[in-house]
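Structural description and commentary
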Amino acid sequence: MKYLEFTFTTDPCTETVNDVLAAVLGEAGFESFVESESGLKAYIQQSLYDEKTIESAIMDFPVPDTKISYDFIEAEDKDWNEEWEKNFFQPIVIGDRCVIHSTFHKDVPAAEYDIVINPQMAFGTGHHETTSLIIGELLDSDLKGKSLLDMGCGTSILAILASMRGASPCLAIDIDEWCVRNSIENIELNNISNINVEQGDASALAGKGSFDVIIANINRNILLNDMRQYKACMHPGSELYMSGFYLEDIPVIREEAERNGLTFIHHHEKNRWAAVKFVF
Ligand SMILES: C[S@@+](CC[C@H](N)C(=O)[O-])C[C@H]1O[C@@H](n2cnc3c(N)ncnc32)[C@H](O)[C@@H]1O
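Thresholds, definitions, all that
Residues numbered from 1 in each chain as written. Predicted model: local features only at pLDDT ≥ 70, side-chain atom pairs only at ≥ 80, totals over all residues. Heavy atoms only, no water. Pairing = 2+ DSSP bridges. Helix = DSSP H or I, 4+ residues; strand = E, 2+ residues; numbered from the N terminus. Axes fitted to C-alpha atoms, helices over the stretch in contact; angles between N-to-C directions. Contact = heavy atoms within 4.5 Å. Near = heavy atom within 4 Å. Polar contact = N/O pair within 3.5 Å; in protein donor to acceptor, adjacent residues only side chain to side chain. Areas by Shrake-Rupley, 256 points an atom, 1.4 Å probe, with all protein chains shown as cover. Nonpolar A, V, L, I, M, F, W, Y, C, P; charged D, E, K, R; others polar. UniProt positions renumbered as here; feature names shortened; annotations may be inferred. Buried < 20%, exposed > 50% of the residue type's maximum accessible area, 1.4 Å probe, protein only. Domains from an automatic or database assignment. Expected span 1.5 Å × (residues − 1).

Description of the sheet that holds strand 4 (residues 67–74)
Spatial ordering of the open sheet is given by 2-3-1-4, a layout of 4 strands whose pairing is antiparallel. Single-partner strands in this sheet number two, and they are strand 2 (32–36) and strand 4. Within the sheet, the average angular offset between the axes of one strand and its neighbour, ignoring direction, is 20 degrees. Pairing of strand 1 (residues 3–11) with strand 4 involves 8 bridges; the strand directions are antiparallel. Paired with T7 across the two strands is D71, which belongs to strand 4. Strands in contact with helix 1 (residues 15–27) are strand 1, strand 2, strand 3 (39–45) and strand 4; relative to strand 3, the strand with the most contacts, it is inclined by about 10 degrees. Sheet contacts for helix 2 (residues 51–59): strand 1 and strand 4; angle to strand 4, the most-contacted strand, approximately 155 degrees.

Written out as structure tokens, the structure is:
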């Protein structure tokens, strides 16, 4: 298959601009992205290339005051799935019980829970400490028949595992449109039918009722800001698992949780990242 290699130069050349550009280009048919010093290299099948689509994607670029220029060459023939696999993610086994891999990985180790994820630009392959800490919590919990909310779902990897472990019904929410689309794709790939996906933040929780289990792997400041709204979706006995912050942030997270009437149960840690469990 013939590919074109585009070199995009971004100004300012920040992680956010390059992430958004990759998401926008993904919409326009690009398949593979590699960050460079001045922007992004991106690859598209020659047959999918349409100059007008790319020009209008750049014209409507959602980050204001950004300049983007590009040129392209014909790329050598390559197996881009293999490239992507090499560059981005390898199968991972967590807790000896849960394997996470993509559709094109071969020789995947057998495990009790087998999760297929095509993460594209969404966060959540299991390689990050915070994801794997929450996976550990889910593997240790009895989730059978429990309603579950996955806030900041990314790829929905956590909601998918929870559903496989019997949680039902499940709701996965992410502020990012790209994550919502990727979640829907991943949920289908795993033949799961009891996870609803919504785009939004904590304000989307109004009127949703309560959940037996809430997971939120986001970051310290968002958790501190939104915890009151998570608590409003809990009933006595509900559990709240949070991650996305460092060990030194536990006291401030715990203070806010206790101010909301939650009881600290434990924390787990990996490379200074923390996950905490509270109950109402
Ligand atoms: C650290 S990633 C976690 C992804 C996945 N749950 C995991 O554990 O691998 C955090 C996710 O939260 C989303 N996010 C950021 N702010 C948010 C907010 N206020 N409400 C909901 N989601 C948010 C981001 O788009 C991102 O997908």
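A short note on the site of the ligand
Near the ligand lie 17 residues; those nearest to it are T131, G152, L158, D174 and N217. D174 is positioned with one of its side-chain polar atoms (N or O) 2.6 Å from an oxygen atom of the ligand. Here the ligand has 600 Å² of accessible area as a free molecule, and 87% of this is covered by the chains. Class assignment for the residues of the shell around the ligand results in 7 nonpolar, 6 polar and 4 charged.

With respect to the UniProt feature "binding site: S-adenosyl-L-methionine" (unreviewed entry) in the protein chain
The feature "binding site: S-adenosyl-L-methionine" (unreviewed entry), as given by UniProt, occupies T131, G152, D174 and N217 in the numbering adopted here. As for its position among the elements, T131 is in helix 4 (residues 129–140). Of the residues examined, T131 reaches a relative accessible area of 2% and is grouped as buried. Locating G152 in the fold gives a position in the loop between strand 8 (148–151) and helix 5 (157–164).

Structural notes on the environment of F278
If you trace the backbone, F278 turns up in strand 14 (residues 273–279). C-alpha of F278 to C-alpha of T53: the two residues are 225 residues apart in sequence and 48 Å apart in space. Setting aside chain neighbours within four positions, we find F278 in contact with S238, E239, L240, M242, I253, R254, A257, L262, T263, F264 and I265.

Considerations on the domain arrangement of the protein chain
When cut into domains, the protein chain gives domain 1 (3–83) and domain 2 (125–279). For domain 1 versus domain 2, the separation of C-alpha centres amounts to 32 Å.

Description of helix 4
If you check helix 4, its first and last C-alpha atoms are 17 Å apart, about what 12 residues at 1.5 Å a residue would give, namely 16 Å. With respect to burial, helix 4 is a largely interior element, 10 of its 12 residues being buried.

What to know about helix 6 (residues 177–189)
When the terminal C-alpha atoms of helix 6 are compared, their 19 Å separation across 13 residues agrees well with the 18 Å that a helix rising 1.5 Å per residue should span. Of the positions making up helix 6, those classed as buried are W178, C179, V180, N182, S183, N186 and I187. Packed against the buried residues of helix 6 are helix 1, strand 7 (113–116), helix 5, strand 9 (170–174) and strand 10 (195–199). The N-capping residue of helix 6, defined by a side-chain oxygen 3.3 Å from the backbone nitrogen of W178, is D176.

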